[in-house]
Amino acid sequence: MIRRLLSFSVVVSSLALAAGALAFEPANAASSGRHALVGTFKLQPGACVGTSVTGTYFQMIFPGGTVANGKFFDNPDSTCANKAYTLTVPGLRGGLVTGKYQPNPTPAFNAQGGALADSIVQPQSFTAIDFSIATSQKDPQTGLAVPPPAISVKSGKLSGQVEAWSASWNKLYFNQGSPKPNGSSPGLTAPLSGTYNSKTHAFVITWTSQVVGGPFNGFTGLWHLTGTFSSAK
Amino acid sequence: MTTTSSGHHDTLAGAPTRVWTLVGIAVIGVALAVMPLAFGMFDKTPKGAVMIADFKPYMTTARLSGYQFELREINAGVHETDTSVAAYLGGGTSDRFAFQSEYPTFTSFYQQWPAIDSKMTGLMNQVQANLGNYLAVAALPSFKLFPWFFVLPGVLLAVFAIATLVRPARWRRTRWVLVILGVGLVAAPGIFQMFQRAPDGGRMMTAFESIETTQNVQQIQGYFGSMAVGQGAIRLEIVPALERSGLDAAQISARFPAVASLDANWVHILNDMTPMIGAMSDNVPDYQAIASLPPFPLFPWFFALPGVLVIGLALAGGVTRQRPEPSGESGEHPVAVPVNEGVS
């Protein structure tokens, strides 16, 4: 009888604690007004209509350039009239998953150096060689441990970090995260920002990340992601 | 500071020359030990080691010749496009204006190409001309070890010299240790062939002075972008135009071999050149760190000269023997007699 009473009291206490914790969590979130968006940022494919560009795309700014005016690296394989835009197509997971990694496959490249990662985006040709994106626990360029992508929203404004965002091309890796894996923000590197419509779940995310090291050292990647967010719950 | 026991004993009493000898050797030792700190070697030489290691995959005759071949391949493809392909697509007319207006991306690249070709070919010539110099430097012991080549003998010299100043009785043995250390310092540059290799390294550093700069690397990055765009125009505009004209791949290859070759090998060219540009870019700070050290040709002398000085001082210090104390009552005192062992 005593054992039953003890067990009952333990269960009741645990439930009470759990309820308290649950009650406390939203209170915290509510107090900051920010909550994490854990799930998949499903990407809208990039598209060019005339001179305007929609959807998800990438640009690369030459060293010494600016986000507003470039100079931008022209990708001859771009399907846009303006070759400065490289359009992306959603990968097998539909886009960027927050709270988890979407690592490179093994091998990460084909014999020609084309990237094979296809979870976030489908590999796209960049100067005749496919490039792609992955997020790994260990950044393949720097070898540093990086957290999984995390994005949150407050009053419709997005913020977060994509330290693990890594481009692969020509058997080379280029960290394109913001901040960089060591927490720095060199050159034109700017934090992730954007908007989120909680009703339609539509999002727009942008950030810039300077390449540190390698053949594109000093170039800056400009990432523009649009689509709809799908919660993991 | 007098040793007083029977038999042959060393003493510094009455031998101020030896004190100065030991002080001199101690100063040389301290100078050697401190030199790496003064020149920032502990920070800079590991960067040199990284640079040498990073360049290694590219610094072979085969690889450098391959780059030259690839540049010639691009050059041939570009010129063939501008001449015979342009004539073919122009219906055999010499109306270059029509071709240029039809393919403005290629035309823009063609106008940039002479400068790009000149720069890239010149760069490769310069690098290839320094292959031997690079190999000479790479054959030296790792740059990471260089500071220790100064610190270790320097500390040993200083410790032995100071210890002997404190306990003069050690002089006889210490003297030969100091001579051996001096010989080691003199011999080290010879053993490592530094008298030949360090000037080679100096020549390489001079040649790379204009290559390993941020400005130069960014110019090459820009050229790389232009080449990608130009090749893209050939691959995505001009070759398809040839195909639309009725030529199949075999016919294009037969009629325009340079264009076909460039098209077929472009990915390989990218595979080859891109990492080299990466290595050049990554090693700009490493090169600059090494370049801020004293000139390479001086390095063997940084070992040899102190070594010669140490040998000379140790030998010149000689050995001062005391005559055995007279057993009689004459009251004579020991007389210090300098003996320059090893000199004569």
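Before reading on, note that the structure itself is shown above.
Note that the coordinates shown come from a computational prediction; the quantities given were computed from them, not determined experimentally.

S.K.: Lay out the overall build of chain A in plain terms, naming residues and giving numbers.
M.R.: Counting secondary structure elements, chain A contains 1 helix and 17 strands. Residues counted as buried form 47% of the 233 residues belonging to chain A. Carbon and sulfur atoms make up 61% of the accessible area of chain A, which amounts to about 11000 Å² in all.

S.K.: Tell me what's going on with the overall build of chain B, and back it up with residues and numbers.
M.R.: Each helix and strand in chain B was counted, giving 14 helices and 2 strands. Of all 344 residues assigned to chain B, the portion counted as buried reaches 48%. Sequence-distant contacts, at least 24 apart, represent 82% of the contacts inside chain B between residues at least 6 apart. Approximately 15800 Å² of chain B is accessible, and the part contributed by carbon and sulfur atoms is 63%.

S.K.: Tell me what's going on with the sheet that holds strand β13 (residues 165-169) of chain A, and back it up with residues and numbers.
M.R.: In space, the 4 strands of this open sheet follow the order β9-β10-β13-β14 (chain A), with antiparallel pairing throughout. Looking at which strands have only one partner, the edges of the open sheet turn out to be β9 (124-126) and β14 (172-175) of chain A. Going from strand to strand, the sheet's axes swing by 35° on average, the running direction of each strand aside. In terms of strand pairing, β9 of chain A meets strand β10 (residues 129-135) of chain A through 3 bridges, oriented antiparallel. Looking at the pairing, Phe126 of chain A lines up with Ile129 of chain A of β10 of chain A. In this fold helix α12 (residues 257-282) of chain B packs onto β10, β13 and β14 of chain A, with an angle of close to 55° to the strand it touches most, β10 of chain A.

S.K.: Run through the layout of surface pockets, naming residues and quoting values.
M.R.: By volume, the largest pocket is sized at about 340 Å³. Contributing to the lining of the largest pocket are 20 residues, with Asp74 and Lys83 of chain A together with Thr105, Gly225 and Val229 of chain B lying nearest its centre. Residues that form the lining of the largest pocket fall into these classes: 8 nonpolar, 8 polar and 4 charged.

S.K.: Lay out the packing of helix α2 (residues 41-55) of chain B against helix α13 (residues 284-291) of chain B with the relevant residues and their values.
M.R.: All names here are of chain B. Remark: α2 packs on α13, axes separated minimally by 8 Å, with the N-to-C direction vectors making an angle of 130°. Between α2 and α13, the crossing angle belongs to the class labelled oblique. Relative to α13, the crossing made by α2 is left-handed. In this structure, α2 contributes Lys44, Thr45, Lys47, Gly48, Val50 and Met51 to the contact, and α13 contributes Asp286, Tyr287, Ala289 and Ile290. When its residues are assigned to classes, the contact of α2 with α13 shows 5 nonpolar, 2 polar and 3 charged.

S.K.: Give me the lowdown on the packing of helix α3 (residues 61-89) of chain B against helix α10 (residues 214-244) of chain B, citing residues and values where you can.
M.R.: Residues and elements named next belong to chain B. At a minimum axis separation of 12 Å, α3 and α10 run at an interaxial angle of 35°. Between α3 and α10 lies a crossing whose hand is left-handed. Here α3 contributes Ile74, Gly77, Thr81, Val85, Tyr88 and Leu89 to the contact with α10, which in turn contributes Met227, Ile234, Ile238, Ala241 and Leu242. Its residues assigned to classes, the contact of α3 with α10 shows 9 nonpolar, 2 polar and no charged.

S.K.: Hey, could you go over the interface of chain A and chain B for me, with residue numbers and the actual values?
M.R.: In this assembly, 19 residues from chain A lie in contact with 19 residues from chain B. Of the roughly 1500 Å² buried between chain A and chain B on both sides combined, carbon and sulfur atoms contribute 64%. Taken as a group, Pro76, Ala128 and Pro215 of chain A account for 28% of the area that chain A buries against chain B, more than any other trio of residues on that side. For Asp77 of chain A, the salt bridge identified is with Arg235 of chain B, shortest N-O distance 2.6 Å. In this structure, the connection of chain A to chain B is made through 9 residue pairs in polar contact (both at pLDDT 80 or more). Split into classes, the residues belonging to the side of chain A that touches chain B amount to 11 nonpolar, 6 polar and 2 charged.

S.K.: Give me the packing of aromatic side chains: which residues, what numbers.
M.R.: Residue and element names in this part refer to chain A. Applying the stated rule across the entire model yields 42 aromatic pairs over all chains. Here Phe73 and Phe126 contribute two aromatic rings whose centre-to-centre distance is 5.4 Å and whose plane-to-plane angle is 20°, an arrangement assigned as stacked. On the criterion of sequence distance, the pair formed by Phe73 in the loop between β6 (70-72) and β7 (86-87) and Phe126 in strand β9 is long-range, its members being 53 residues apart. Per residue, the accessibility class of Phe73 equals that of Phe126, and both read buried. Ring geometry for Phe131 versus Trp223: centroids 6.5 Å apart, planes at 50°, classification tilted. Separated by 92 residues along the polypeptide, Phe131 in strand β10 and Trp223 in strand β17 (residues 220-231) bring together distant segments of the chain. Each member of the pair, Phe131 as well as Trp223, is classed as buried. The ring of Phe62 is capped by Lys71, whose NZ or CZ atom sits 4.5 Å from the centre of that ring.

S.K.: How would you explain unusual backbone geometry if you had to name every residue and give the values?
M.R.: All names here are of chain A. The omega torsion of the bond from Thr106 to Pro107 falls at -5°, within 30 degrees of zero and hence cis. Examined against the element boundaries, Pro107 turns out to sit in the loop between β8 (95-97) and β9. A cis geometry characterises the amide bond from Ser178 onward to Pro179, with omega recorded as -5°. Backbone geometry places Thr127, a non-glycine residue, at a positive phi of 50°. With a phi angle near 85°, Ala128 is a residue other than glycine that sits in the positive phi range. In this structure, Ala128 sits in the loop between β9 and β10.

S.K.: Explain the state of the cysteines to me, using residue names and the numbers behind them.
M.R.: Residues and elements named next belong to chain A. Scanning the model with the defined rule gives 1 disulfide over all chains in all. Cys48 shares a disulfide with Cys80; S-S distance 1.6 Å. In this structure, the disulfide formed by Cys48 and Cys80 twists by about 65° around the S-S bond and is classed as right-handed. With Cys48 in strand β3 (residues 47-49) and Cys80 in the loop between β6 and β7, this residue pair connects regions lying 32 residues apart in the sequence. According to the relative accessible area criterion, Cys48 is partly exposed, its value standing at 25%. Judged by its relative accessible area of 2%, Cys80 falls in the buried class.

S.K.: Help me get a handle on the pairing of strand β2 (residues 39-43) of chain A, residues and values and all.
M.R.: Residues and elements named next belong to chain A. Among the 5 residues of β2, 4 are classified as buried, and the element is accordingly described as predominantly covered. One ladder, built from 5 bridges, connects β2 with β17; its direction is antiparallel. Bridged to Gly39 within β17 is Ser231. In terms of strand pairing, β2 meets β8 through 3 bridges, oriented antiparallel. Within β8, the residue paired with Lys42 across the bridge is Gly95.

The rules we used
- Once a new chain begins, its residue numbering starts again from 1 and follows that chain's sequence as written.
- Here chains are named by letter from A upward and ligands by number from 1 upward, in the order in which they appear as written.
- A pLDDT threshold of at least 70 governs which residues receive local features in this predicted model, and a stricter bar of 80 or more applies before side-chain atom pairs are shown or counted, although totals over entire chains, interfaces and linings include all residues.
- Side-chain figures throughout are based on the complete set of non-hydrogen atoms in the structure, without hydrogens or water.
- In this text, helices come from DSSP runs of H or I with a minimum length of four residues, and strands from runs of E with a minimum of two, each type numbered from the N-terminal end.
- For the exposure calls, accessible area comes from a 1.4 Å probe over protein chains only, and a residue counts as buried if that area is under 20% of its type's maximum, exposed if over 50%, partly exposed in between.
- All accessible areas in this document rest on Shrake-Rupley with a 1.4 Å probe, and a residue is counted as covered only by the protein chains that are shown.
- Contacts were defined at the residue level, with two residues in contact if any of their heavy atoms lie within 4.5 Å.
- Here the rule is simple: two strands pair whenever DSSP picks up at least two bridges between them.
- To get an axis, fit a line to the C-alpha atoms, keeping to the stretch in contact for a helix; angles then go from 0 to 180 degrees between the N-to-C directions.
- A 1.4 Å probe that fits into a set of points on a 1 Å grid over the protein atoms alone but cannot get out defines a cavity; an open set with protein on both sides within 12 Å along at least five of seven lines defines a pocket, and lining residues are those with an atom within 4 Å of a point.
- Grid points are joined across faces, edges and corners, and a volume is the space filled by probe spheres set on the points.
- Three classes are used, and their members are as follows: Ala, Val, Leu, Ile, Met, Phe, Trp, Tyr, Cys and Pro are nonpolar, Asp, Glu, Lys and Arg are charged, and the others, Gly among them, are polar.
- When describing relative orientation, an angle under 35 degrees is termed roughly parallel and one over 145 degrees roughly antiparallel, while 65 to 115 degrees is termed roughly perpendicular and anything else oblique.
- Left-handed describes a crossing in which the near helix is turned anticlockwise from the far one by less than a right angle; the clockwise case is right-handed.
- Here the quantity called buried area is the accessible surface, traced with a 1.4 Å probe, that two parts lose on coming together, added over both.
- Salt bridge, as used here: a side-chain nitrogen of Lys or Arg that lies within 4 Å of a carboxyl oxygen of Asp or Glu.
- In protein, a polar contact requires one atom able to donate a hydrogen and another able to accept it; more generally it is a pair of N or O atoms within 3.5 Å, and residues adjacent in sequence count only if both atoms are side-chain atoms.
- Side-chain rings of Phe, Tyr and Trp, where Trp is taken by its six-membered ring, are said to pair if the distance between their centres is within 6.5 Å; with planes under 30 degrees apart they count as stacked, over 60 as edge-to-face, and otherwise as tilted.
- In this scheme, Lys NZ or Arg CZ marks a charge over a ring once it lies within 6 Å of the ring centre and within 35 degrees of the ring normal.
- Cysteine sulfur atoms are paired as a disulfide whenever they come within 2.5 Å of each other.

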